[in-house]
Amino acid sequence: MRAVASVLHLDLDAFFAAVEQRDKPSLRGKPVVVGGVGGRGVVSTASYEARRYGVRSAMSTREARARCPHAAFLTGRFHAYRDTSERVMALLRSVSPLVEPLSLDEAFVDLAAADRATYPQLADLSVPSVTAFAEHLRARVEEVTGGLTASVGVASSKFLAKVASDLDKPDGLVVVPRGTERDLLRPMSVTVIPGVGPATTERLRRVGVHTVADLETLSEDELVRLLGNANGHWLHQLAQAQDDRPVVAEREAKSVSVEGTYDHDLTDRVLMEQLLTRQAVDVARRLRKAGLSGRTVTIKVRLHDFTTLNRSTTLASPTDAPATIARLARTLLADLDTSGGVRLLGVGVSGLADWVQEDLFGETTEDEEELPDVEVPHHSRRAWAPGMDVEHAEMGRGWVWGSGRGVVTVRFETAETPAGPVRSYAEDDPDLTVWRPPTPEEEPG
DNA sequence: TCTGGGGTCCTAGGACCC
DNA sequence: TCTGGGGTCCTAGGACCC
């Protein structure tokens with residue numbers, strides 16, 4: 001904990017949904033749900049309008065549809081989110097070199113390391129000065145994002161800054177003056193502590209601990225006995241608002257993985273092997289793009305009953321070769337009983353090194369091996385869903401307004417033309433295709 | 001026909017080494 | 001012949017986060 005409140009946490013409000021509302025004006029003020037639209041999709045982000053109907057992150061899309069049938073359900077356009085996120089992160093980095101992104105929509109900023117040439121007001125880290133600066137920063141976020149709002153917390157530690165940014169959402173600011181931290185935390189549920197999820201909450205509940213104040217009454221030894229070494233020490237620290245974690249700008253990736261949940265359980269082993277192969281190729285492509293390679297290949301298999309299995313194998317030296325990763329993944333699958341059906345398959349590589357093993361012996365690498373093309377059983381490829389982005393050969397980009405009885409209605413609307421035209425097409429019109437956002441590799445730059 | 005996808009970190013047991 | 005102790009690596013599973 002620092003002597004002054006100089007750690008800032010910024011969180012973009014309902015980020016994915018807000019980007020959709022920014023880019024599709026008719027969605028403004030309306031419930032918007034971004035997430036998986038397939039049979040097994042879950043909600044990634046709900047706009048505040050949708051939250052009023054009880055729609056929440058991580059809820060199944062099925063349940064979200066039941067709660068708010070008139071919401072627009074969108075699959076997500078990650079290139080747009082990444083683009084907007086980068087603008088915000090660049091703004092934050094202009095404030096301080098110590099910016100630690102936690103995800104596309106969240107970051108810590110160390111104001112004590114701020115660039116005082118550009119922001120002389122940050123020479124003064126008093127509460128009034130920091131408050132004024134945070135308001136200025138929130139206004140700048142709106143400018144660079146084209147109207148998105150952010151919630152900000154400023155405090156003497158990461159933990160308190162994050163708690164603070166949550167207190168006045170959306171579009172809020174809370175500064176926690178030094179010395180008031182413990183009083184703020186005491187009445188709060190233990191669930192505000194990062195790392196306290198459902199399992200830990202239940203263990204604590206059984207010993208009568210519900211709030212941070214309750215937690216303060218347990219000794220460190222008791223917490224370690226209850227929750228294990230790491231979690232016990234950690235909770236003991238945070239219960240006293242003790243948190244000295246620095247803001248760290250560069251964090252190296254420790255693993256790269258790809259996984260997919262299928263609308264219908266898989267039973268065909270050949271198809272499973274093909275899917276793993278394809279995922280291995282994706283993982284290898286991402287490794288190469290990042291200049292990384294790894295020694296441990298892991299597969300993840302979720303069975304029909306949601307039992308999740310991981311199998312891994314470690315090589316003597318790191319690889320980024322798609323054929324090697326694919327072969328190991330298929331070998332790992334061979335030892336598993338999947339006769340009951342598989343709902344998820346995944347491939348990952350860890351034990352990363354930022355160098356690639358040279359071809360020491362001049363052997364032909366396995367890269368030359370032919371990798372089969374795979375037809376993914378994606379049953380909803382052209383099952384039109386409202387909000388889905390589409391491309392028409394002549395009209396260009398649009399999105400599905402409604403569908404049924406073999407007809408799909410598309411709205412060709414952009415930020416510039418909010419009252420863009422609406423057209424109806426036959427569902428099997430070959431000129432009409434689902435518009436797939438570019439993958440990171442396909443994007444220009 | 002409940003339950004995504006991308007990650008991080010921790011635990012615990014066994015192998016192996018000194 | 002009845003059994004050490006520490007350290008590291010690997011594997012599997014689980015909790016948690018956004």
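All values reported here derive from a predicted model rather than from experimental measurement.

Undergrad: Explanation requested: the overall build of chain A in the structure shown.
TA: Secondary structure assignment for chain A yields 13 helices and 17 strands. Relative to its 445 residues, chain A shows a buried fraction of 45%. Partitioning the contacts of chain A with sequence separation of at least 6, the portion at a separation of at least 24 is 62%. A total accessible area of about 21800 Å² is found for chain A, and carbon and sulfur atoms account for 51% of it.

Undergrad: Would you mind showing me how to read the sheet that holds strand E2 (residues 32–35) here?
TA: Overall, mixed pairing links the three strands, which are arranged E3-E2-E4 in an open sheet. Taken across any chain shown, the strands that pair with only one partner, and hence form the sheet edges, are strand E3 (43–46) and strand E4 (72–74). The mean inter-strand angle of the sheet, taken between neighbouring strand axes irrespective of direction, is 25°. As judged from the three bridges shared by E2 and E4, these two strands associate in the parallel manner. By the bridge assignment, valine 33 is partnered in E4 with phenylalanine 73. Across the sheet, helix H1 (residues 15–23) lies against E2, E3 and E4, angled at about 120° from E2, the strand it touches most.

Undergrad: Explain the UniProt feature "site: Substrate discrimination" (unreviewed entry) in chain A to me, please; I cannot follow it from the model alone.
TA: The residues that UniProt annotates with the feature "site: Substrate discrimination" (unreviewed entry) are Phe16. Position of phenylalanine 16 among the secondary structure elements: in helix H1. Judged by its relative accessible area of 12%, phenylalanine 16 is buried. Excluding residues that lie within four positions of it along the chain, phenylalanine 16 makes contacts with Val34, Ser44, Thr45, Phe78, Tyr81 and Leu104.

Undergrad: Would you explain the protein's contact with DNA strand B in this entry?
TA: Near DNA strand B, the surroundings consist of 22 residues, among which Lys254, Ser255, Glu259, Thr261 and Arg286 are the closest. Sugar and phosphate atoms constitute 71% of the interface atoms of DNA strand B, taking the interface as everything within 4 Å of the protein. The backbone of lysine 254 places a nitrogen or oxygen atom 2.7 Å from a phosphate oxygen of DNA strand B. Between DNA strand B and serine 257 there is a distance of 2.8 Å, counted from a phosphate oxygen to a backbone nitrogen or oxygen. Where the surface near DNA strand B is concerned, the elements lending two or more residues are helix H11 (229–239), strand E9 (255–266) and strand E12 (342–353). Of all the elements, E9 adds the most residues to the surface near DNA strand B, at seven residues. Class assignment for the residues of the surface near DNA strand B results in eight nonpolar, eight polar and six charged.

Undergrad: Help me out: how do you make sense of the protein's contact with DNA strand C in this one?
TA: Taken together, the neighbourhood of DNA strand C is formed by 19 residues, with Ser103, Lys162, Thr200, Arg295 and Thr314 sitting nearest. Of all atoms in DNA strand C that approach within 4 Å of the protein, 100% are sugar or phosphate atoms. Separating a sugar or linking oxygen of DNA strand C from a side-chain N or O atom of aspartate 105 is a distance of 3.2 Å. With respect to DNA strand C, the backbone of alanine 199 contributes an N or O atom lying 2.8 Å from a phosphate oxygen.

Undergrad: How should I be thinking about H1 in this particular structure?
TA: One full turn of an α-helix is made of 3.6 residues, so residues set three or four places apart face in the same direction. Here H1 lies mainly inside the structure; nine of its nine residues are buried. Where H1 is concerned, the buried positions are Phe15, Phe16, Ala17, Ala18, Val19, Glu20, Gln21, Arg22 and Asp23.

Undergrad: Teacher, can you tell me more about the pattern of salt bridges here?
TA: Considering all chains together, one arrives at 26 salt bridges under this definition. A salt bridge links arginine 140 to glutamate 143, with the shortest nitrogen-to-oxygen separation between them at 2.8 Å. Residue arginine 140 and its partner glutamate 143 are both found in helix H5 (residues 127–145); the two are separated by three residues, about one turn of the helix. Given the relative accessible area of 28%, arginine 140 is considered partly exposed. According to the relative accessible area criterion, glutamate 143 is exposed, its value standing at 54%. In this structure, glutamate 216 engages arginine 182 in a salt bridge whose closest nitrogen and oxygen atoms are separated by 3.4 Å. You can see glutamate 216 sitting in helix H9 (residues 212–216) and its partner arginine 182 sitting in helix H7 (residues 181–185), a full 34 residues away along the chain. By relative accessible area, arginine 182 is classed as partly exposed at 30%. It is possible to trace a salt-bridge network through shared partners that takes in Glu20, Arg22, Asp23, Lys24 and Arg77.

Undergrad: Quick question: what am I supposed to make of the nonpolar core here?
TA: As a rule of thumb, soluble globular proteins bury nonpolar side chains together. In this structure, Leu8, Leu10, Leu92, Leu111 and Val154 are the most contacted members of the largest nonpolar core, which totals 42 residues. Setting aside anything within four residues of it in sequence, one finds valine 154 in contact with Ala5, Ser6, Val7, Leu8, Leu111, Val130, Ala134, Ala164, Val174, Val175 and Val176. Val301, Ala326, Leu332 and Val349 belong to the second-largest nonpolar core, a separate cluster that totals 28 residues.

Undergrad: Looking at this model, I keep getting lost on the packing of aromatic side chains. Mind explaining?
TA: Two descriptors summarise a pair of aromatic rings, namely the distance from one centre to the other and the angle between the planes of the rings. Going through the model one piece at a time under the given rule, you end up with six aromatic pairs. The interplanar angle of 5° and the centroid separation of 4.3 Å between the aromatic rings of phenylalanine 16 and tyrosine 81 together place this pair among those described as stacked. Residue phenylalanine 16 is found in helix H1, and its partner tyrosine 81 is found in helix H4 (residues 78–95); the two are separated by 65 residues along the sequence. Through a chain of ring-to-ring contacts, three or more aromatic side chains come together here, namely Phe15, Phe16, Phe78 and Tyr81. Across the ring face of tyrosine 48, the terminal group of arginine 51 is positioned such that the distance to the ring centre comes to 4.2 Å. Over the ring of phenylalanine 73 we find arginine 65; its NZ or CZ atom is 4.4 Å from the centre of that ring.

Undergrad: Looking at this structure, I do not really get the UniProt feature "active site" (unreviewed entry) in chain A. What am I missing?
TA: Per the UniProt entry, the sites bearing "active site" (unreviewed entry) are Glu106 in this numbering. By the element assignment, glutamate 106 lies in strand E6 (residues 106–110). Looking at glutamate 106, the relative accessible area reads 13%, which means it is buried.

Undergrad: Would you mind showing me how to read the packing of H4 against H5 here?
TA: Each pair of packed helices gets described by two things: the angle between the helix axes and the distance between those axes. Two numbers describe how H4 lies on H5: the axes approach to 10 Å, and their chain directions differ by 145°. As H4 runs across H5, the sense of the crossing is right-handed. Contacts from Thr84, Arg87, Val88, Leu91, Leu92 and Val95 of H4 reach H5 at Phe133, Leu137, Arg140, Val141, Val144 and Thr145. In the contact of H4 with H5, the residues fall into eight nonpolar, two polar and two charged.

The rules behind the values
- Residues numbered from 1 in each chain as written.
- Chains lettered and ligands numbered in written order.
- Predicted model: local features only at pLDDT ≥ 70, side-chain atom pairs only at ≥ 80, totals over all residues.
- Heavy atoms only, no water.
- Helix = DSSP H or I, 4+ residues; strand = E, 2+ residues; numbered from the N terminus.
- Buried < 20%, exposed > 50% of the residue type's maximum accessible area, 1.4 Å probe, protein only.
- Contact = heavy atoms within 4.5 Å.
- Areas by Shrake-Rupley, 256 points an atom, 1.4 Å probe, with all protein chains shown as cover.
- Pairing = 2+ DSSP bridges.
- Axes fitted to C-alpha atoms, helices over the stretch in contact; angles between N-to-C directions.
- UniProt positions renumbered as here; feature names shortened; annotations may be inferred.
- Near = heavy atom within 4 Å.
- Polar contact = N/O pair within 3.5 Å; in protein donor to acceptor, adjacent residues only side chain to side chain.
- Nonpolar A, V, L, I, M, F, W, Y, C, P; charged D, E, K, R; others polar.
- Salt bridge = Lys/Arg side-chain N within 4 Å of Asp/Glu carboxyl O.
- Core = buried A, V, L, I, M, F, W, Y, C linked by side-chain atoms within 4.5 Å.
- Phe/Tyr/Trp six-rings, centres within 6.5 Å; stacked < 30°, edge-to-face > 60°.
- Lys NZ or Arg CZ within 6 Å of the ring centre and 35° of its normal.
- Left-handed = near helix turned anticlockwise from the far one by under 90°.

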